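In case you want the letters, here they are:
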Amino acid sequence: KQSYADTKKVFDDLGINVNPKTVMSTMPVSQRQMVEIAKAVSFNSKVIVFDEPTSSLTENEIERLFKIIFALKKKGVGIIYISHRLEELPVIADRITVMRDGTRVKTMDYKDTNDNEIISLMVGRELSNIYPTYKRTIGEVVFEADNIRQGTKLDVKHLDVRKGEILGIAGLVGAGRTETLRALFGADDADEKHVKIEGKEYTFKNPSEAIAAGFVYMTENRKFDGAALGLSVEENITMASLRKFSKCGRMQEAKAKSNAQEYCKKLNIRTPSIDQKVMNLSGGNQQKVIIGKWLTRTAKVMVFDEPTRGIDVGAKYEIYSLMNDLSDQGIAIIMISSDLPEILGMSDRVAVFKDGRVTAVLDRKDADSEIIMKYATGKLS
């Protein structure tokens, strides 16, 4: 009872609307993040390290977090704040330290620098564009889904994506973006869904059936259900294609190693060897290992769910370039992102979600942050 009361008090003080008895695994990522923040604050520490605290928070939750940080500063608590989101620095940073490849590059007062200098220090070179300049060749419809329903949570009438196209999925956290794609992928149940890939109808009762049809999913939480962190780079790249590398029930090690080495080279995966455990790689390289895993399956449709969350500017550019290369190969890409500049910088079309429904599908030339947010919040007046 005392533990429950103490937890409830911390939550109330921080404005976190979560029942302390809720099982963590049943909560969305954003709520788990707020609980983690509450745990750190509850120690009454002299120094608190916040490591990518806003990576999965809504705008309201980010605002609440910053208020917590300001209150802690007034109490004399020292804050070390790790982030790749440059737009947060003007709000909270007094000094900044730029790290690259495990070394400190420079420490300076924030008022004495700017975003261009910070980006150059982060990537070790001038980066004129955050998003690669690109012209895609878009073909016929490869993937289409109709009448995706899941109780009162989802009611999506139609989604489609063309060969070589990147369809951005925008909306606030909790709008049903991930839930819709997980239902289509067979990871979650749906009351109804009608899926076609290259004109052929599918039901996808489970992810195995979706993967076999060439429909693959890179989840938003790569550390939880995207990669097997305790296994090697080679094992992660080959794990979704074991039949391809086995004969009479035995793994053909030479073939599997050759494939892993090929994708490490193609995707520029920075690792001492293919035997390195994935947990020891950077976030960007972990993401590229997952991409290698799915490319080994010869995918037709790839879902990228928050593809650059927790990844530095240089690695983001590499992921974006990889996505463009995949579109060149004719792969249809669906990209779910909470980062509006990313949606606008990479998408050919944008589907906006609100309350489990698609409120608009916009061509890139017709979309901007304000229009997307109006459709995402229902404030269209």
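We now examine the overall build of the chain. Across its full length, the chain holds 14 helices and 16 strands. Computed over the C-alpha atoms, the radius of gyration of the chain is 22 Å, within 12% of the 21 Å expected from 2.2 N^0.38 for a compact globule of 381 residues. Considering the chain as a whole, with its 381 residues, one finds that 45% of them fall into the buried category. Counting contacts in the chain only where the partners sit at least 6 residues apart, residues at least 24 apart contribute 61% of the total. Working note: accessible area of the chain is about 19,800 Å², and carbon and sulfur atoms make up 49% of it. Side-chain charges in the chain split into 57 positive and 53 negative, and the spacing between the mean points of these groups amounts to 3 Å.

A word on helix H12 (residues 313-328). Counted at 1.5 Å a residue, the expected span for H12 with its 16 residues is 22 Å, and the 23 Å between its end C-alpha atoms agrees. Residues Val313, Gly314, Ala315, Lys316, Ile319, Tyr320, Leu322, Met323, Asn324, Leu326 and Ser327 constitute the buried set of H12. After H12 finishes, the residue glycine 330 shows a positive phi value of roughly 90°.

With that settled, the discussion passes to the sheet that holds strand E6 (residues 154-162). Strand order in the open sheet formed by four strands is E6-E5-E8-E9, with antiparallel pairing between adjacent strands. Pairing within the sheet leaves two strands with one partner each, and these edge strands are E6 and strand E9 (200-202). Direction aside, the axes of adjacent strands within the sheet are offset by 15° on average. Looking at chain direction, strand E8 (residues 192-197) and E9 are connected through three bridges and run antiparallel.

Further remarks concern the sheet that holds strand E7 (residues 166-170). If you trace the six strands from one edge of the open sheet to the other, you get E10-E13-E14-E7-E15-E16, paired in mixed fashion. The strands lining the two open edges of the sheet, one partner per strand, are strand E10 (215-218) and strand E16 (357-363). Averaged over all neighbouring strand pairs, the angle between strand axes comes to 20°, with direction disregarded. Bridging between E10 and strand E13 (residues 301-305) involves four bridges; their strand directions are parallel. Counterpart to phenylalanine 215 in the pairing with E13 is valine 301. Sheet strands touched by helix H6 (residues 177-185): E7, E10, E13, strand E14 (332-336) and strand E15 (349-354). Its angle to E10, the strand with the most contacts, is close to 145°. With respect to the sheet, helix H11 (residues 283-295) is in contact with E10 and E13, its orientation differing from that of E10 by roughly 170°.

Below, the discussion takes up the packing of H11 against H12. As a packed pair, H11 and H12 sit with axes 10 Å apart at the nearest point and diverge in direction by 15°. Here H11 is positioned roughly parallel relative to H12, judged by the angle of their axes. Between H11 and H12 lies a crossing whose hand is left-handed. Contacts between H11 and H12 pair Gly284, Gln287, Lys288, Ile291 and Leu295 from the former with Ala315, Glu318, Ile319, Leu322 and Leu326 from the latter.

The next point concerns the pattern of salt bridges. Working definition: two side chains of opposite charge can pair if their charged atoms are close together. Enumeration over the complete set of coordinates arrives at 25 salt bridges. In this structure, the salt-bridge partner of glutamate 220 is arginine 309, at a minimum N-O distance of 3.3 Å. Within this pair, whereas glutamate 220 is found in the loop between E10 and helix H8 (222-226), its partner arginine 309 is found in the loop between E13 and H12, the two being separated by 89 residues in sequence. Note that lysine 288 is salt-bridged to glutamate 318, the shortest N-O span being 2.6 Å. Taken together, the positions of lysine 288 in helix H11 and glutamate 318 in helix H12 put the pair 30 residues apart, joining distant regions of the chain.

Thresholds applied
- Along each chain, residues carry numbers from 1 onward, in the same order as the chain's sequence is written.
- Local features in this predicted model are restricted to residues of pLDDT 70 or higher, and side-chain atom pairs are both shown and tallied only at a pLDDT of 80 or more, whereas totals for entire chains, interfaces and linings draw on every residue.
- Excluding hydrogens and water, the side-chain figures rest on all heavy atoms present in the structure.
- In DSSP terms, a helix is any run of H or I states spanning at least four residues, a strand is any run of E spanning at least two, and both are numbered starting from the N terminus.
- Note that the radius of gyration is over C-alpha atoms, with the globule rule given as 2.2 Å times the number of residues to the power 0.38.
- To sort residues, take the accessible area from a 1.4 Å probe on protein chains only and compare it with the maximum for the residue type: under 20% means buried, over 50% means exposed, and anything in between is partly exposed.
- Note on contacts: a residue pair qualifies if any of its non-hydrogen atoms lie within 4.5 Å across the two residues.
- Computed with the Shrake-Rupley method and a 1.4 Å probe, the accessible areas treat only the protein chains shown as cover for residues.
- As used throughout, the charge tally considers Lys and Arg to be positive and Asp and Glu to be negative, leaving His and the chain termini uncounted.
- Note that the charge is assigned to NZ on lysines, CZ on arginines, CG on aspartates and CD on glutamates.
- To estimate how far a helix should reach, multiply one less than its number of residues by 1.5 Å.
- If DSSP finds at least two bridges between two strands, the strands pair.
- Under this scheme, a helix contributes an axis fitted over its contacting stretch, all axes are lines through C-alpha atoms, and angles between N-to-C directions fall in the 0 to 180 degree range.
- By definition in this entry, angles of less than 35 degrees are roughly parallel, angles greater than 145 are roughly antiparallel, angles of 65 to 115 are roughly perpendicular, and the rest are oblique.
- What makes a crossing left-handed is the near helix being turned counterclockwise from the far one by less than a right angle; a clockwise turn instead makes it right-handed.
- The term salt bridge refers to a pairing of a side-chain nitrogen on Lys or Arg with a carboxyl oxygen on Asp or Glu at a separation within 4 Å.

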